Amino acid sequence: MANSSTVMSVAEEFEKLEVEVESILSTEPKGEVSGIETMDTTTSDPPPVEPILTDVPKVEKSDPKKSILIPPRKDDPNRTFKRKKVVINNPPPPQPPTSFEDRQVQRRNTLHNFYRRRRFSQDLRMFRGLGETFLHLLEQGSAPPPSRGWKNRGRGTHCKSAVMVKQIITLEDDNKVADELRTQILNAAEEAISSRNVFKIGLSGGSLIGQLAKIFTKVSADWSNWKFFFCDERVVPFDNSDSTFGAYKKAFAGIPEITDEQFVAINPDLSAEQAAKDYIKKLSIYFPPNDIPRFDLLLLGMGPDGHTCSLFPGHPLLQETSVWVAPITDSPKPPPSRITLTFPVINNTRLAIFVATGESKAPMIKKILGDDEPLPAQLVQPTKGDVIWILDKAAASNL
Ligand SMILES: O=C(O)[C@H](O)[C@@H](O)[C@H](O)[C@H](O)COP(=O)(O)O
């Protein structure tokens, strides 16, 4: 363990080093040495040592007195110093970059230098902190309370950035959309199962059902850790063609490993109000009841009017925040009686993926992704998660 005088000298060293670096960083050499004319001025007695080259202050061309001392060469019998006149031709002021590429290069260099300097001075501060800590350890026998800097260096809890990432992926056709959707789903599943042993995924109805059937029948996965919920559901019997669960049961018939028990379905014999309350109870089995359910993935569709789940433009349900699941009995999209997740739950998901394909979606995609119109699908902005839009070229044609 170093003694206090050594550590003191270390801290002083850091002080000096930091001052020096700051001075260098703040005074970039104005001119660049662009031409050295040498003149042999051999003298016997060594003249006062001049500053080294990079410190040479700006010298006007007409002032030949300024020069630098060149130490004697080893093979020089007289071992004499030579003096070199250094002419700094101040380069012409840099011309503003003309082309876009030049501007880009200049911007990149400026940024590079900025970060290089900042990183260097940050590291210096950190080393200085180390010196002070050693001092503290020696004098007090204990480390100083963690300063803000220390805390930010990994001692504190690094919360994930609260900034939602929105990604728009446009693909050639339905097959490419299916490939991308499969990749995204399997990535989310792998992360969820490896971290939490279960993958909680919310399903929507509509064209998504056929897309998932196409994907899942070609995927070999350990489905036992997958739990399927519904982002919304029609309150009709499961054998009714409008039932989303009924449609998934048919679509997944070819995947025997996916069993009915893996689905958390509604009770279709209840009214919409009762079915919504009942679904909340069912969610409480899989999510802690005192917190908003946090899905690993919500697979969402977008209707031609910009609705998603069973949340329709201008409907009071858009403002519903007191329940996880709400009933709707006047759905503009038939059938009228449904239940739906509400925005507090939707926007608490780790990841939301929209799949929108076909020309009919293009005008609405433009409004939502191009113009940010506050339509239901645009309001899906996970507070601690991301949203990905997977589109085919037709749906993205107005962007
Ligand atoms: O009706 C449902 O059950 C939905 O969940 C609904 O929100 C659907 O996802 C959109 O209407 C898009 O449906 P399409 O993809 O079929 O256009």
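Since the model is a prediction, treat every value here as computed from it, not as a measurement.

### Considerations on the overall build of the protein
Right, so step 1: Looking only at helices and strands, one finds nine helices and 12 strands in the protein.
Right, so step 2: For the protein, the residues scored as buried account for 37% of the 399 residues in total.
Right, so step 3: Counted over contacts in the protein with a minimum sequence separation of 6, partners at least 24 positions apart contribute 73%.

### What about the confidence of the model for the protein?
Right, so step 1: On average, the protein scores 78 in pLDDT, and the residues at 70 or more come to 61%.
Right, so step 2: Low pLDDT, under 50, characterises residues 27-57; the predicted model gives this stretch 44 contacts beyond four residues in sequence or across chains.
Right, so step 3: With pLDDT under 50 throughout, residues 136-161 is counted as low confidence; its partners more than four residues away or in other chains account for 22 contacts.
Right, so step 4: Both scores are available for the predicted complex, with the pTM at 0.63 and the ipTM at 0.98.

### Points about unusual backbone geometry
Right, so step 1: Here the amide bond leading from Pro334 into Pro335 is cis, since omega sits at -5°, within 30 degrees of zero.
Right, so step 2: In this structure, Pro335 sits in the loop between β9 (325-328) and β10 (338-341).
Right, so step 3: Of note in the backbone geometry, Asn197 takes a positive phi value of approximately 60° without being a glycine.
Right, so step 4: If you check the backbone angles, Asp372 has positive phi at about 55° while not being a glycine.
Right, so step 5: You can see Asp372 is positioned in the loop between α9 (362-370) and β12 (386-392).

### A word on the site of the ligand
Right, so step 1: In the vicinity of the ligand there are 16 residues, among which Ser207, Asp232, His307, Cys309 and Lys333 approach most closely.
Right, so step 2: Here Asp232 contributes a side-chain N or O atom positioned 2.8 Å from an oxygen atom of the ligand.
Right, so step 3: Within the complex, the protein chains bury 91% of what would otherwise be the 420 Å² of accessible surface of the ligand.
Right, so step 4: For the shell around the ligand, a count of residues per class yields two nonpolar, nine polar and five charged.

### Digging into the packing of aromatic side chains
Right, so step 1: As enumerated under the stated definition, the model contains 21 aromatic pairs in all.
Right, so step 2: Here Phe216 and Phe228 contribute two aromatic rings whose centre-to-centre distance is 6.5 Å and whose plane-to-plane angle is 50°, an arrangement assigned as tilted. Here Phe228 lies in strand β6 (residues 226-230) and Phe216 lies in helix α5 (residues 208-216), a separation of 12 residues in the sequence. Like Phe216, the residue Phe228 is buried in the burial classification.
Right, so step 3: Taken together, the ring pairs in this structure connect Phe199, Phe216, Trp223, Trp226, Phe228, Phe230, Phe238, Phe245, Tyr248, Phe252 and Phe263 into an aromatic cluster.
Right, so step 4: When the ring centre of Phe287 is taken as reference, the NZ or CZ atom of Lys200 above it lies at 4.4 Å.

### Let's talk about the pattern of salt bridges
Right, so step 1: Counted by the stated rule, this structure contains 10 salt bridges.
Right, so step 2: As a salt-bridge pair, Asp372 and Lys166 come within 3.7 Å of each other at their nearest N and O atoms. With Asp372 in the loop between α9 and β12 and Lys166 in strand β4 (residues 166-171), this pair connects stretches of sequence that are 206 residues apart.
Right, so step 3: If you follow the salt bridges from partner to partner, you end up with Glu191, Arg196, Asp296 and Arg350 in one network.

### Brief notes about helix α4 (residues 174-196)
Right, so step 1: Between the first and last C-alpha of α4 there are 32 Å, a value that for 23 residues agrees with the 33 Å anticipated at 1.5 Å per step.
Right, so step 2: Along α4, the residues that are buried comprise Val177, Ala178, Glu180, Leu181, Gln184, Ile185, Ala188, Ala189 and Ala192.
Right, so step 3: Two to three positions downstream of the cap, the backbone nitrogen of Asn175 sits 3.1 Å from a side-chain oxygen, assigning the N-cap of α4 to Asp173.

### A closer look at the sheet that holds β9
Right, so step 1: Taken in spatial order, the three strands of this open sheet run β7-β10-β9, and their pairing is antiparallel. Edge positions in the open sheet fall to β7 (232-234) and β9, since each of these has one partner strand only. Averaged over all pairs of adjacent strands, the angle between their axes in this sheet comes to 15°, without regard to strand direction.
Right, so step 2: Against the sheet, helix α7 (residues 272-286) touches β9 and β10, its axis set at about 165° to β9.

### Here's the deal with the sheet that holds strand β11 (residues 351-356)
Right, so step 1: An order of β4-β12-β11-β8-β5-β6 is seen for the six strands of this open sheet, with the pairing classed as parallel. The two strands at the open ends of the sheet, each matched to only one other strand, are β4 and β6. Going across the sheet, the axis of each strand differs from the next one's by a mean of 20°, ignoring polarity.
Right, so step 2: Packed onto the sheet, α7 meets β5 (199-203) and β6 and runs at close to 155° relative to β6.

### A few points about the packing of α5 against helix α6 (residues 244-251)
Right, so step 1: One way to put it is that α5 packs onto α6 with a least axis distance of 10 Å and a crossing angle of 25°. With respect to α6, the axis of α5 lies roughly parallel. When the axes of α5 and α6 are compared, the crossing they make is right-handed. Each of Leu208, Ile209, Leu212 and Ala213 in α5 lies in contact with α6, whose residues at this interface are Thr244, Ala247, Tyr248 and Ala251.
Right, so step 2: For the contact of α5 with α6, the per-class residue count stands at seven nonpolar, one polar and no charged.

Basis of the calculations
Residues numbered from 1 in each chain as written. Predicted model: local features only at pLDDT ≥ 70, side-chain atom pairs only at ≥ 80, totals over all residues. Heavy atoms only, no water. Helix = DSSP H or I, 4+ residues; strand = E, 2+ residues; numbered from the N terminus. Buried < 20%, exposed > 50% of the residue type's maximum accessible area, 1.4 Å probe, protein only. Contact = heavy atoms within 4.5 Å. pLDDT = per-residue confidence, 0-100. Near = heavy atom within 4 Å. Polar contact = N/O pair within 3.5 Å; in protein donor to acceptor, adjacent residues only side chain to side chain. Areas by Shrake-Rupley, 256 points an atom, 1.4 Å probe, with all protein chains shown as cover. Nonpolar A, V, L, I, M, F, W, Y, C, P; charged D, E, K, R; others polar. Phe/Tyr/Trp six-rings, centres within 6.5 Å; stacked < 30°, edge-to-face > 60°. Lys NZ or Arg CZ within 6 Å of the ring centre and 35° of its normal. Salt bridge = Lys/Arg side-chain N within 4 Å of Asp/Glu carboxyl O. Expected span 1.5 Å × (residues − 1). Pairing = 2+ DSSP bridges. Axes fitted to C-alpha atoms, helices over the stretch in contact; angles between N-to-C directions. Parallel < 35°, antiparallel > 145°, perpendicular 65-115°, else oblique. Left-handed = near helix turned anticlockwise from the far one by under 90°.

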